[in-house]
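# Understanding the architecture of this molecule
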Amino acid sequence: WFKRYNDHHGHQEGDCCLQHVAKALEKELKRGGDLVARYGGEEFVALLPNTSKEGALKVAQKMCNRIEELEIAHIPSETSDFVTISIGVTSFVPEADLPLSILVGTADKAMYMAKRKGRNTVMIKEVATCECQDRHVQNRFVRKQSALNN
């Protein structure tokens, strides 16, 4: 969808739009440890440490509303006359043995769920417990095996 924005307005205007979006997203962060960063292309990631699932959903909805309030014209969009965002939310208590890719992958799936639902939406997806447990056991096994080989 953002490709249409770039195609219509040009890449310089697209970069300017993303800068406005980034500043607006940052305004919804209220705590020192919270962070918004560009995560490739037109995607952003918001890290909200020590935040409940409910709190993360609340922040995400405020972010959607703030972007909509910017009223950045998006003429070729089929969703809205203005730039909007879709947000995927997930949360879990990190463990040393769990790769960050599980959290990122789950949030990514939630974001695509939001896009399929009609865009300008927030969706949450729980981290698959069995996937975490499988990785945890696998990592512990690799570490024990490595210790046995020494």
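A few points on the structure. The residue numbering used here restarts from 1 in each chain and proceeds along that chain's sequence as written. Where local features are concerned, this predicted model is filtered to residues with pLDDT of at least 70; where side-chain atom pairs are given and counted, the filter is 80 or more; whole-chain, interface and lining totals use all residues. Calculation of side-chain values draws on the structure's entire complement of heavy atoms; hydrogens and water are dropped beforehand.

The term nonpolar core refers to a set of buried residues drawn from Ala, Val, Leu, Ile, Met, Phe, Trp, Tyr and Cys, joined through side-chain atoms within 4.5 Å. A 1.4 Å probe rolled over the protein chains alone gives each residue an accessible area, and that area as a share of the maximum for its type sets the label: buried under 20%, exposed over 50%, partly exposed in between. Core analysis: the largest hydrophobic core is formed by 22 residues, its most contacted members being Cys17, Leu25, Met63, Ile67, Val83, Ile85 and Ile87. Within the residue set of this core, elements represented by two or more residues are helix H1 (2-9), helix H2 (11-27), helix H3 (53-70) and strand S3 (87-89). Runs of H or I in DSSP of at least four residues are treated as helices and runs of E of at least two as strands, each being numbered from the N terminus. Among the elements that line this core, the one with the most residues is H3, at six residues.

Moving on, we come to the packing of H1 against H2. Running from N to C, H1 and H2 point in directions that differ by 130°, and their axes come no closer than 7 Å. Taken together, the axes of H1 and H2 lie oblique to each other. Contacts from Phe2, Tyr5, Asn6 and His9 in H1 reach His11, Glu13, Gly14, Cys17 and Leu18 in H2. Orientation is described by axes fitted as lines to C-alpha atoms, over the contacting stretch for helices, and by angles from 0 to 180 degrees between their N-to-C directions. Roughly parallel means an angle under 35 degrees; roughly antiparallel, over 145; roughly perpendicular, 65 to 115; everything else is oblique. Residues count as neighbours in contact if any of their non-hydrogen atoms are within 4.5 Å of one another.

Glancing now at the pairing of strand S1 (residues 35-38). At least two bridges found by DSSP between two strands are what make those strands a pair. Summarising the sheet, S1 and strand S2 (residues 44-47) pair through four bridges and their orientation is antiparallel. Bridging from a neighbouring strand, Ala37 pairs with Val45 of S2. In this structure, the hairpin formed by S1 and S2 is closed by a connection of five residues, where Gly40 is found at a positive phi of approximately 80°.

Attention shifts here to the packing of H2 against H3. Look at H2 against H3: their axes get within 9 Å of each other, and the N-to-C directions meet at 135°. In terms of their interaxial angle, H2 and H3 are classed as oblique. When you trace H2 past H3, the crossing you get is right-handed. Across from His20, Val21, Ala24, Leu25 and Lys27 in H2, the residues of H3 making contact are Met63, Arg66, Ile67 and Leu70. Polarity classes work like this: nonpolar for Ala, Val, Leu, Ile, Met, Phe, Trp, Tyr, Cys and Pro, charged for Asp, Glu, Lys and Arg, and polar for all others, with Gly in that last group. Taken together, the residues of the contact of H2 with H3 sort by class into six nonpolar, one polar and two charged. Here is the rule for handedness: rotate from the far helix to the near one, and if that takes an anticlockwise turn smaller than a right angle the crossing is left-handed, while a clockwise turn gives right-handed.

A few words now on unusual backbone geometry. The phi angle at Asn50 is positive, at roughly 55°, despite the residue not being glycine. Here the phi dihedral of Glu71 falls at roughly 55°; this positive angle occurs in a residue that is not glycine. Within the fold, Glu71 resides in the loop between H3 and S3. Overall, the relative accessible area of 52% leaves Glu71 in the exposed class.

Bringing helix H4 (residues 100-117) into the picture now. The end-to-end C-alpha distance of H4 is 26 Å, a good match for the 26 Å that 18 residues give at a rise of 1.5 Å each. All of the buried residues along H4 are Ile102, Thr106, Ala110, Met111 and Ala114. Within two residues after H4, Gly118 carries a phi angle of roughly 135°, on the positive side. Here, expected helix span is obtained from the residue count minus one, scaled by 1.5 Å.

So, about the pattern of salt bridges. The working definition used for a salt bridge is a side-chain nitrogen of Lys or Arg within 4 Å of a carboxyl oxygen of Asp or Glu. Applying the stated rule across the entire model yields four salt bridges. A salt bridge links Asp34 to Arg31, with the shortest nitrogen-to-oxygen separation between them at 2.8 Å. Residue Asp34 is classed as buried on the basis of its relative accessible area of 14%. When its relative accessible area of 39% is taken as the criterion, Arg31 is described as partly exposed. Taking the shortest distance from any N to any O, the salt bridge between Glu126 and Lys53 comes out at 3.0 Å. Separated by 73 residues along the polypeptide, Glu126 in the loop between strand S4 (122-124) and helix H5 (129-149) and Lys53 in helix H3 bring together distant segments of the chain. Among the residues examined, Glu126 registers a relative accessible area of 45% and is labelled partly exposed.

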